[in-house]
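# Observations on chain architecture
Below, each chain spelled out in residue letters.
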Amino acid sequence: MRLGVLDIGSNTVHLLLVDAHLGARPVPFASHKRPLSLVQYLDGDGNISDAGQHELTEFVLEAWEFAARHKADDLLAFCTSAIREATNGPAVLARVKYETTVTLQELTGSEEASMTFFAVRRWYGWGAGPVLNLDIGGGSFEMAFGQDELPEVATSVPLGASRLTRDWLAEDPPSAKSVKELRRYIRSTLAPAVSKFEGLGRANLVAGTSKTFRSLARIAGAAPSAAGPYVKRELNATDLGVWAQRISAMKVEDRLFLPGVSDARAHQLLAGALVAEAALEMFKFKKMRICPWALREGLILRRLDQLVFAGPLSPAPHIANLDPARNTIEVTPA
């Protein structure tokens, strides 16, 4: 069957269609995406502006038509921190549903972290042992740890790369003072979250599952995306520290000459590097692996399990309310 997942993130809106069946890995069939930083459409009161809402509804309509044209059998549509934390988030969701008929499921931070961890576990398998997963989005930073398919602890903090860039790094290049203050803020915000993982044991594997981590690893010498998903890619803390320092002295236009850095991500690269650096340091790890699967794949895999087995997975308490079926919509081919 052909499944679709519509991801309304803080930096990008993305529809991914995959072909999947029992016993096989989901194979990407097609995708449709657009850079859309909803964080940039926030006004002084934290509301997503009318212009931002218009851009969002236009893309959701495009995605719906794309899924129908490619004969998707099932579609999951979800949103993360950009709408979750907007003051007018409920009104935005209501407008999208009214103008497109698509219901966007609002994931909590812990649900987002848990489903991303679920994808990582499926990618690396049981042989990986205890896993710590880190994911830097545009509006938030997710962390999850566990030995099973679903994590023991899953949490989220407002340390997204786009959010931090907007709030702390207004200059180009940023001043040494602003970088120092941001480093201090990141560590003070991370400390309570990291403490939740104390006493759980040591992870055998630390995974990174976001475009930010992939870009940082590429800059530090990892293989390009063209080499395929099965190439082992790592990001060492030492290399990360060196590049964080270098990037802090670069203008945004100069970052575009770095390998793997796109126009859409160049401005927030430093903030992402500072979060990654702090996380590895505070969790006391010297390196991490870059995982090609993340939240979208986690939701697709969970949906497949629901379709294959009698009843849904038995979820951990912090994702007890996560039910992809509650916003499943029938896609009628055009």
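Right, let's walk through the structure included here. Please read all numbers here as calculations on a predicted model, not as lab measurements. (Residues numbered from 1 in each chain as written. Predicted model: local features only at pLDDT ≥ 70, side-chain atom pairs only at ≥ 80, totals over all residues. Heavy atoms only, no water.)

### Some words on the packing of helix H8 (residues 237-248) against helix H11 (residues 269-283)
For clarity, the cut-off: Note on geometry: axes are C-alpha line fits, over the in-contact stretch for helices, and angles between N-to-C directions span 0 to 180 degrees. Comment: elements are numbered from the N terminus, with helices defined as DSSP H or I runs of at least four residues and strands as E runs of at least two. For classification purposes, an angle smaller than 35 degrees is called roughly parallel, one larger than 145 roughly antiparallel, one from 65 to 115 roughly perpendicular, and anything else oblique. Left-handed describes a crossing in which the near helix is turned anticlockwise from the far one by less than a right angle; the clockwise case is right-handed. Contacts are residue-level and defined by heavy atoms, with any inter-residue pair within 4.5 Å sufficient. Any residue outside Ala, Val, Leu, Ile, Met, Phe, Trp, Tyr, Cys, Pro, Asp, Glu, Lys and Arg is labelled polar, Gly included; the first ten of those are nonpolar and the last four are charged.
Remark: H8 packs on H11, axes separated minimally by 9 Å, with the N-to-C direction vectors making an angle of 150 degrees. Classified by the angle between their axes, H8 and H11 sit roughly antiparallel to one another. Considering only the axes of H8 and H11, their crossing is left-handed. Contacts between H8 and H11 involve Ala237, Leu240, Gly241, Ala244, Ile247 and Ser248 on the former and, on the latter, Leu269, Leu270, Ala273, Leu274, Ala276, Glu277 and Leu280. Residue composition of the contact of H8 with H11, grouped by class: 10 nonpolar, two polar and one charged.

### Comments concerning the nonpolar core
The condition is simple: Nine residue types can take part in a nonpolar core, namely buried Ala, Val, Leu, Ile, Met, Phe, Trp, Tyr and Cys, and a core is a set of them joined through side-chain atoms within 4.5 Å. Three labels apply to residues, based on accessible area from a 1.4 Å probe with only protein chains included: buried if under 20% of the type maximum, exposed if over 50%, partly exposed otherwise in between.
Counting 49 residues, the largest nonpolar core has Leu132, Leu134, Phe141, Met143, Ile186, Leu190 and Ile247 as the members making the most contacts within it. It is H11 that provides the largest number of residues to this core, a total of 11 residues. Ranked by size, the runner-up nonpolar core spans 29 residues in total, among them Val5, Ala113, Cys291 and Leu301.

### Regarding the environment of threonine 57
Heads up, the rule is: We define a polar contact as two N or O atoms separated by no more than 3.5 Å, with the added condition that, inside protein, one atom must be a possible hydrogen donor and the other a possible acceptor, whereas residues neighbouring each other in sequence contribute only through side-chain atom pairs.
Among the secondary structure elements, threonine 57 is positioned in helix H1 (residues 50-69). The exposure class assigned to threonine 57 is buried, which follows from its relative accessible area of 1%. The spatial distance from the C-alpha of threonine 57 to the C-alpha of valine 96 is 5.5 Å, given a sequence separation of 39 residues. Dropping the residues within four chain positions of it, threonine 57 is found in contact with Arg95, Val96, Glu99 and Thr100. Side-chain polar atoms of threonine 57 contact the backbone oxygen of histidine 54, separated by 3.0 Å.

### Some remarks on the pairing of strand S6 (residues 131-136)
Burial of S6 is extensive: six of the six residues sit out of reach of the surface. Residues Val131, Asn133 and Asp135 of S6 are buried on one face, and the alternating residues Leu132, Leu134 and Ile136, pointing to the opposite face, are buried as well.

That is the geometry; function is a separate question.
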